[in-house]
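# Architecture at a glance
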Amino acid sequence: MEPASRYIPRLRTALVLTGTGTAGAYHAGVLRALQEAGVKIDLVAGRGVGVVAAMFGAVDGGARLWDSGGLWRSTRVRRFYGWRATLRAALVMLGGAVAAVLVPFAVLGVVLLVFAGGFLLEAVGLPDASAAASTATRWLQAMFAPGALPTHVPRLVFVFLLGLLVALAAGAAASDIQSHARRRASGALWWRLIGAPLDASQVIAWFSGGLWHIMRGAARGGKPSPGDFGERYVEMLAGNLGQPGFRELLLLAHDLDARRDIAFALLADAPRRAYLRARPDDDARPFETVDLTRSERRRVFDALAATLRLAVATEPHFMPFSPDSVWRGETHRLCDRPDAAGRLLEEVANAGAEQVILVSALPPAPGPHALGAGRRDVRGRLGEQLAAIETAALRDAVTSQAGRFAALFEIRPRHNPLGPFDFAGCYDERSDRRQTLAELVDRGYEDAFRQFVDAVVAASGDWMSQAPPAGRTPRRRTPAPRPSISEQLAAHDGRTPLPGDPADPA
């Protein structure tokens with residue numbers, strides 16, 4: 001099937017959101033533009049941080065993401081994916097030990113500077129210049145006396161190193177307790193002490209809290225347990241499917257233990273039956289889908305938490321399956337897979353989508369003369385690798401999956417200086433200024449209007465107004481071929497202007 005370039009509202013439309021970290025701010029801006037333009041969306045799907053906009057957009061709660069006091073405009077997002085608390089404490093202790101070792105050298109340097117200054121003053125004949133050198137000598141003798149720095153510095157170093165070991169041991173113990181509470185874990189002591197460097201708990205708590213604010217309405221009370229949270233979310237969404245602003249939902253995570261992608265689907269009855277029957281000859285299908293409308297409806301929170309956790313960089317999310325599922329009550333480790341855009345489009349096609357609006361905060365792959373300075377910080381380098389993987393995967397996904405849809409539209413920025421972990425903003429070499437996360441929200445809003453609402457939806461208006469009645473296939477009108485330049489010159493009589501001439505009305 002050759003993808004069309006026109007937006008057809010009567011077709012089943014899916015909004016697909018893919019990205020990591022700061023890409024969620026761009027998703028929020030796009031979601032706002034589509035809502036203001038009244039674009040019909042039947043299904044929202046996401047992977048990575050795209051799950052956040054998908055879950056909010058499915059329950060008509062997208063304004064909670066982009067408004068002036070929204071979740072993506074708060075200063076609290078700067079703490080997302082920070083270093084683990086125990087790892088930060090260990091680094092502080094290590095820095096203290098290094099500083100304690102450097103203290104004697106710093107003192108010695110100061111004394112030598114004072115001594116050298118006194119010697120120069122004495123050389124030029126200033127009175128009392130020798131007193132400075134004598135004072136420096138007395139300081140040096142006092143500080144390096146047996147009861148001074150030689151005694152206290154080793155003690156300080158020992159205290160800091162002991163604190164370092166305590167911090168690492170506390171982190172390893174907490175990780176072991178959490179792991180053994182759900183399943184057994186093993187590994188060398190060294191890796192158990194270090195663990196995953198980044199912490200995803202704050203970003204999960206932030207967005208799940210925002211969803212709970214929408215779900216509870218005017219009622220009071222704290223956020224329920226993860227299982228109850230998922231059940232209430234499913235009840236609200238399933239009970240309002242078909243109402244304005246409410247859409248079907250499809251989320252994609254990766255199962256580290258099963259080495260499979262798992263799709264969490266909350267679909268209407270007819271699409272759900274077709275979706276679960278997709279690939280009937282594949283025995284693995286039940287292992288790769290979770291029907292949120294049935295016994296696994298409590299797993300919505302697990303889908304959110306899993307997709308916000310990064311492979312290697314953060315600890316995975318532990319999800320227990322129900323005893324009556326195909327996994328028979330097993331607990332699996334789930335996280336995001338950054339190159340899963342193709343699989344997400346495949347699942348969207350299985351859910352009956354006929355046209356897709358694909359949203360990514362990553363610009364297309366650049367050509368020559370587009371190099372920039374590389375990042376030296378750890379999170380910056382990790383972000384560069386994730387962005388490269390996602391960009392290549394997105395290009396392959398569009399190439400391989402576009403033929404499954406009547407139309408596939410992309411909304412992507414031409415330039416985005418923010419990396420996946422630049423929640424506090426970053427310096428942009430092209431514009432020679434610092435760009436913020438709030439600007440990325442606005443850029444998503446502008447790109448959605450420029451690339452889709454104005455360029456596609458508005459351009460399709462005349463064609464849709466002339467569409468035939470339902471049940472008849474619209475016939476495409478093929479424009480008459482335009483004469484070549486040589487044919488125009490041969491037929492030109494000198495009185496009528498040629499296309500492109502100053503007198504040409506076109």
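Residues numbered from 1 in each chain as written. Predicted model: local features only at pLDDT ≥ 70, side-chain atom pairs only at ≥ 80, totals over all residues. Heavy atoms only, no water.

### What about the pairing of strand β8 (residues 355-360)?
The buried fraction of β8 amounts to six of the six residues, a majority that puts the element mostly inside the structure. Of the two faces of β8, the one carrying Gln355, Ile357 and Val359 and the one carrying Val356, Leu358 and Ser360 are both buried. As judged from the six bridges shared by strand β1 (residues 13-19) and β8, these two strands associate in the parallel manner. Looking across to β8, one finds that Ala14 is bridged to Val356. Pairing analysis gives five bridges linking β8 to strand β9 (residues 407-411), with the strands arranged parallel. Note that in β9 the partner of Ile357 across the bridge is Phe409. Each parallel crossover has a hand, and for β8 linked through helix α13 (residues 378-401) to β9 it is right-handed. (Buried < 20%, exposed > 50% of the residue type's maximum accessible area, 1.4 Å probe, protein only. Helix = DSSP H or I, 4+ residues; strand = E, 2+ residues; numbered from the N terminus. Pairing = 2+ DSSP bridges. Right-handed = clockwise from strand over helix to strand, strands pointing away.)

### Observations concerning the side chain of Arg299
If you trace the backbone, Arg299 turns up in the loop between β5 (289-291) and α11 (300-307). Looking at Arg299, its side chain comes within polar contact range of the side chain of Asp302, at 2.7 Å. (Polar contact = N/O pair within 3.5 Å; in protein donor to acceptor, adjacent residues only side chain to side chain.)

### Overview of the packing of aromatic side chains
On inspection of all chains with the given rule, the structure shows twelve aromatic pairs. Between Tyr81 and Phe421, the aromatic rings sit 5.7 Å apart at their centres with planes inclined by 80°, giving edge-to-face as the arrangement. Here Tyr81, found in the loop between α3 (63-66) and α4 (85-123), pairs with Phe421, found in the loop between β9 and β10 (426-428); they are 340 residues apart in sequence, far enough to count as distant. For the pair shown, Tyr81 and Phe421 are each scored as buried. Taken together, the aromatic side chains of Trp72, Phe80, Tyr81, Phe207, Phe421 and Phe423 make up a single cluster linked through ring pairs. The residue whose ring lies beneath Arg32 is Tyr445, and the NZ or CZ to ring-centre distance is 4.4 Å. Its guanidinium or amino end placed over the ring of Tyr275, Arg285 lies 4.7 Å from that ring's centre, counting from NZ or CZ. (Phe/Tyr/Trp six-rings, centres within 6.5 Å; stacked < 30°, edge-to-face > 60°. Lys NZ or Arg CZ within 6 Å of the ring centre and 35° of its normal.)

### Considering the environment of Arg404
Checked against the element boundaries, Arg404 lands in the loop between α13 and β9. By relative accessible area, Arg404 is classed as partly exposed at 38%. For the pair Arg404 and Ala349, spaced 55 residues apart in the sequence, the C-alpha separation amounts to 6.9 Å. Residues within four places of Arg404 in sequence aside, it is in contact with Glu346, Ala349 and Asn350. In this structure the side chain of Arg404 is engaged in a polar contact, spanning 3.4 Å, whose partner is the side chain of Asn350. (Contact = heavy atoms within 4.5 Å.)

### A few points about the packing of helix α8 (residues 201-216) against helix α9 (residues 226-240)
Packing of α8 against α9 leaves a shortest axis separation of 11 Å and a crossing angle of 50°. As the angle between them shows, α8 and α9 are arranged oblique. Along this stretch, α8 crosses α9, giving a crossing that reads as left-handed. Facing α8, whose interface residues are Ser208, Leu211, Trp212 and Met215, α9 presents Phe229, Arg232, Tyr233 and Met236. Residue classes in the contact of α8 with α9 are distributed as six nonpolar, one polar and one charged. (Axes fitted to C-alpha atoms, helices over the stretch in contact; angles between N-to-C directions. Parallel < 35°, antiparallel > 145°, perpendicular 65-115°, else oblique. Left-handed = near helix turned anticlockwise from the far one by under 90°. Nonpolar A, V, L, I, M, F, W, Y, C, P; charged D, E, K, R; others polar.)

### Let's talk about the pairing of strand β3 (residues 248-255)
Looking down a regular strand, the side chains alternate between one sheet face and the other. Taken across its eight residues, β3 has eight buried, putting it largely inside the fold. Burial along β3 is two-sided: the face carrying Glu248, Leu250, Leu252 and His254 and the face carrying Leu249, Leu251, Ala253 and Asp255 are both buried. As defined by bridge partners, strand β2 (residues 43-48) adjoins β3 across five bridges and the pair is classed as parallel. Bridge assignment links Leu43 to a residue of β3, and that residue is Glu248. One ladder, built from seven bridges, connects β3 with strand β4 (residues 260-266); its direction is antiparallel.

### Points about the pattern of salt bridges
Under the defined criterion, the tally for this structure stands at 24 salt bridges. Residue Lys40 pairs with Asp42 through a salt bridge whose shortest N-O separation is 2.6 Å. The exposure class of Asp42 is partly exposed, given its relative accessible area of 23%. Here Arg450 makes a salt bridge to Asp447, at a shortest N to O gap of 2.3 Å. With a gap of three residues between them, Arg450 and Asp447 both fall in helix α14 (residues 437-457), about one helical turn apart. Salt bridges linked by common partners bring Arg260, Asp261, Arg285, Glu288, Arg337, Asp339, Arg343 and Glu347 together as one network. (Salt bridge = Lys/Arg side-chain N within 4 Å of Asp/Glu carboxyl O.)

### Side note on helix α10 (residues 269-276)
Residue pairs spaced three or four apart in an α-helix point in one direction, given the helix's 3.6 residues per turn. Turning to α10, its buried residues are Pro271, Arg272 and Tyr275. Around the axis of α10, the buried residues are gathered within 100° of arc, so they sit on the same side. (Arc of directions from axis to C-beta.)

### Thoughts on empty space enclosed by the protein
One pass over the full model with this rule turns up three cavities of 30 Å³ or more. Along its surface, the largest cavity is lined by 15 residues, and Thr20, Ala23, Ala361, Leu362 and Pro420 are the ones closest to its centre. Looking at the lining of the largest cavity, the elements with two or more residues in it are β1 and α13. In terms of residue class, the lining of the largest cavity is built from seven nonpolar, seven polar and one charged. What the second largest cavity holds in volume is close to 40 Å³. Every residue lining the second largest cavity is listed: Thr18, Arg47, Pro338, Ala341, Ser360, Leu362, Glu390, Ala393 and Leu394. The biggest single contributor to the lining of the second largest cavity is α13, with three residues. In terms of residue class, the lining of the second largest cavity is made up of five nonpolar, two polar and two charged. (1 Å grid on protein atoms, 1.4 Å probe; cavity = no way out; pocket = protein on both sides within 12 Å on 5 of 7 lines; lining within 4 Å. Points joined across faces, edges and corners; volume = space filled by probe spheres on them.)

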